[in-house]
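The residues making up each chain are set out below.
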Amino acid sequence: MSMIDDVIAKVKEKDKDQPEFIQAVEEVLTTLKPTEEKHPEFVKAKIYERIVEPERVVMFKVVWEDDKGEIHVNRGYRVQFNGAIGPYKGGLRFHPTVNLGIIKFLGFEQIFKNALTTLPMGGGKGGSDFNPKGKSDREVMRFCYAFMQELYRHIGPDTDVPAGDIGVGAREIGFLYGMYKKIVNEHTGVLTGKAFEYGGSLIRPEATGYGLVYFTSEMLASEGMTLEGKTVAISGAGNVAQHAAQKVNQLGGKVITLSDSNGTVVDMDGIKGEKWDFVMELKNVRRGRIREYAEKYNVPYYEGKSVWDVIRDEGLKVDIALPCATQNEIHKDHAEALVKAGVKAVAEGANMPSTLEAIKVYQENGILYGPAKAANAGGVAVSGLEMSQNSLRLQWTREEVDNKLREIMRKIYKQSVEAAEAYGKPGDLLTGANIAGFLKVAKAMLAYGVM
Ligand code: NDP
Ligand code: 2IT
């Protein structure tokens, strides 16, 4: 058994009630095997064993009152996973499925993703099992206030800088930042994803989706292809899916699907122009269900099915798949259906949307595969640029930020390709991204000695 297998076995034993965390550790560490031989110094310093243990886990209760005066108790989390290369950085997720294992998987992935961005950010993640769905704006406000009344003591612009994720967007960041500012009496870059008016960065709302599509373009270019004329399946209908769709449209592709947790719409004419505007209003203003799109435009709606179920069951032809909803949405049978559908590239907007078995199917069938921590790093990259702008006390133009984002996505792709080659896995972007991110963090950890 290799040392890495031993570390994985220990995590499986110690954290056996955290399946998503185990999956993320297995995915990353398995691909790090080629570094064992080249870096005996990492082995000796037990870097592999140290990196799977969070530096700090904060769990707290959040008590709030709904509009009827009823009291609710939720659980809050912040996992400060690894601060070797910069302040902890990563989003907050509000979703009923949130538990410690999910936050740890997200925080662990974030370490390597943030290192890949080339910016100085450590890895962290947080959130709550609070369900914003169906809550009034005032209820969400009271929850965010209560959440920040505890979180504020654990974060800071040079300590830990949270942002959004599922269920946390511009509205929630506004409430959270407002309460932080009130308690601490400081205007600082303690959260990213802020609105432009109070210190946010232009392009941050678009950054994850745009970055995903820039990364996809880099992958396609390696085989002489572009997005022009390609049929694209996108899952989700939230922040990442919306802006991925917008950028695909701008680059001449055709987006034929969107989904939410209730079902999937298929529009073979493409979700663009006024139809895309409708989705933005539906999801960001009215907070409605994607079914309404099918009703308005008279296109098929598949209740209870994911995009990948629909592709499998209806035999749709698709060139590119961009999963942008949640973890483990693509299983082995879905991946096999994507092969049958003629898919050339899968790039992950969501975090860990493909199971380990699905990834194997992509790899065995020569599908171009852009793993989440490389492909969706545009969001946190622009968060890093928001931190820079806050420190400089100025705000860059859309063009400046978009150009920097494009350049960062190019660098992430290049680092991943080069590391894959250097460690004997040419063309394997998963191995390349994991190794490139790991090396930076491992070297920093080594420099600090034994701690
Ligand atoms: P949003 O909350 O804006 O949207 C999430 C979308 O995914 C919604 O359409 C939601 O449907 C759907 N969804 C969420 N959970 C589930 C589920 N369990 N089953 C089925 N559908 C689900 O979140 P984001 O767009 O910000 O995040 C999407 C993914 O991208 C996540 O994996 C996130 O971690 C990742 N990501 C986000 C970044 C960001 O900057 N926001 C950066 C990098 C990655 P419904 O409304 O019905 O719940
Ligand atoms: O998963 C992610 O990278 C995010 N949710 C964005 C994190 C951030 O700090 O912008």
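Residues numbered from 1 in each chain as written. Chains lettered and ligands numbered in written order. Predicted model: local features only at pLDDT ≥ 70, side-chain atom pairs only at ≥ 80, totals over all residues. Heavy atoms only, no water.

Under an unreviewed UniProt entry, the protein has the name Glutamate dehydrogenase and belongs to candidate division WOR-3 bacterium. Heading Subunit (unreviewed entry) of the UniProt record for the protein holds this comment: "Homohexamer." According to its UniProt record, the protein has this under Sequence similarities (unreviewed entry): "Belongs to the Glu/Leu/Phe/Val dehydrogenases family." (UniProt positions renumbered as here; feature names shortened; annotations may be inferred.)

Draft legend 1. Highlighting the sheet that holds strand β8 (residues 263-266). An order of β9-β8-β7-β6-β10-β11-β12 is seen for the seven strands of this open sheet, with the pairing classed as mixed. One side of each edge strand has no neighbouring strand; the edge strands of this open sheet are β9 (301-303) and β12 (368-370). Ignoring strand direction, the axes of neighbouring strands in this sheet form an average angle of 15°. Here strand β7 (residues 254-260) pairs with β8 via four bridges, running antiparallel. When the bridges of β8 are listed, L258 appears paired with V265. (Pairing = 2+ DSSP bridges. Helix = DSSP H or I, 4+ residues; strand = E, 2+ residues; numbered from the N terminus. Axes fitted to C-alpha atoms, helices over the stretch in contact; angles between N-to-C directions.)

Draft legend 2. Inspection of the site of ligand 1 at higher detail. Close to ligand 1 lie 25 residues; D165, T208, S261, R289 and N351 are nearest. At 3.0 Å, a backbone N or O of G167 approaches an oxygen atom of ligand 1. Notes on ligand 1: free accessible area 890 Å², of which the protein chains cover 83%. Every element with two or more residues in the shell around ligand 1 is listed here: α9 (204-221), α10 (239-250) and β7. Residue classes in the shell around ligand 1 are distributed as six nonpolar, twelve polar and seven charged. (Near = heavy atom within 4 Å. Polar contact = N/O pair within 3.5 Å; in protein donor to acceptor, adjacent residues only side chain to side chain. Areas by Shrake-Rupley, 256 points an atom, 1.4 Å probe, with all protein chains shown as cover. Nonpolar A, V, L, I, M, F, W, Y, C, P; charged D, E, K, R; others polar.)

Draft legend 3. View of the UniProt feature "site: Important for catalysis" (unreviewed entry) in the protein. Here the UniProt feature "site: Important for catalysis" (unreviewed entry) sits at D165. The residues touching D165, leaving out its near neighbours within four places in the chain, are G91, L92, R93, K125 and N351. (Contact = heavy atoms within 4.5 Å.)

Draft legend 4. Here's a closer look at the site of ligand 2. By nearness alone, 14 residues border ligand 2, and K89, K113, D165, R204 and S383 come closest of all. One nitrogen or oxygen atom from the side chain of Q110 is found 3.0 Å from an oxygen atom belonging to ligand 2. In this structure, K125 approaches ligand 2 through a side-chain N or O atom, which is 3.0 Å from an oxygen atom. Considering ligand 2 on its own, with 300 Å² of exposed area, one finds that the protein chains cover 94% of that surface. Only β3 (88-94), α6 (100-116) and α17 (378-392) provide two or more residues apiece to the shell around ligand 2. Grouping the constituent residues of the shell around ligand 2 by class yields two nonpolar, seven polar and five charged.

Draft legend 5. Structural context of helix α18 (residues 398-422). If you check α18, its first and last C-alpha atoms are 36 Å apart, about what 25 residues at 1.5 Å a residue would give, namely 36 Å. Within α18, burial applies to V401, D402, L405, I408, M409, I412, Y413, S416, A419 and A420. Its buried side turned inward, α18 meets α6, α9, α16 (372-375), α17 and α19 (429-447). Two residues or fewer after α18 comes G424, characterised by a positive phi angle close to 80°. (Expected span 1.5 Å × (residues − 1). Buried < 20%, exposed > 50% of the residue type's maximum accessible area, 1.4 Å probe, protein only.)

Draft legend 6. Focus on the packing of α10 against helix α11 (residues 274-285). Two elements in contact, α10 and α11, have axes whose closest approach is 11 Å; the angle formed by their N-to-C orientations is 170°. Viewed along their axes, α10 and α11 adopt a mutual orientation that is roughly antiparallel. Contacts between α10 and α11 pair Q242, H243, A245 and Q246 from the former with W276, M280, K283 and N284 from the latter. Its residues assigned to classes, the contact of α10 with α11 comprises three nonpolar, four polar and one charged. (Parallel < 35°, antiparallel > 145°, perpendicular 65-115°, else oblique.)

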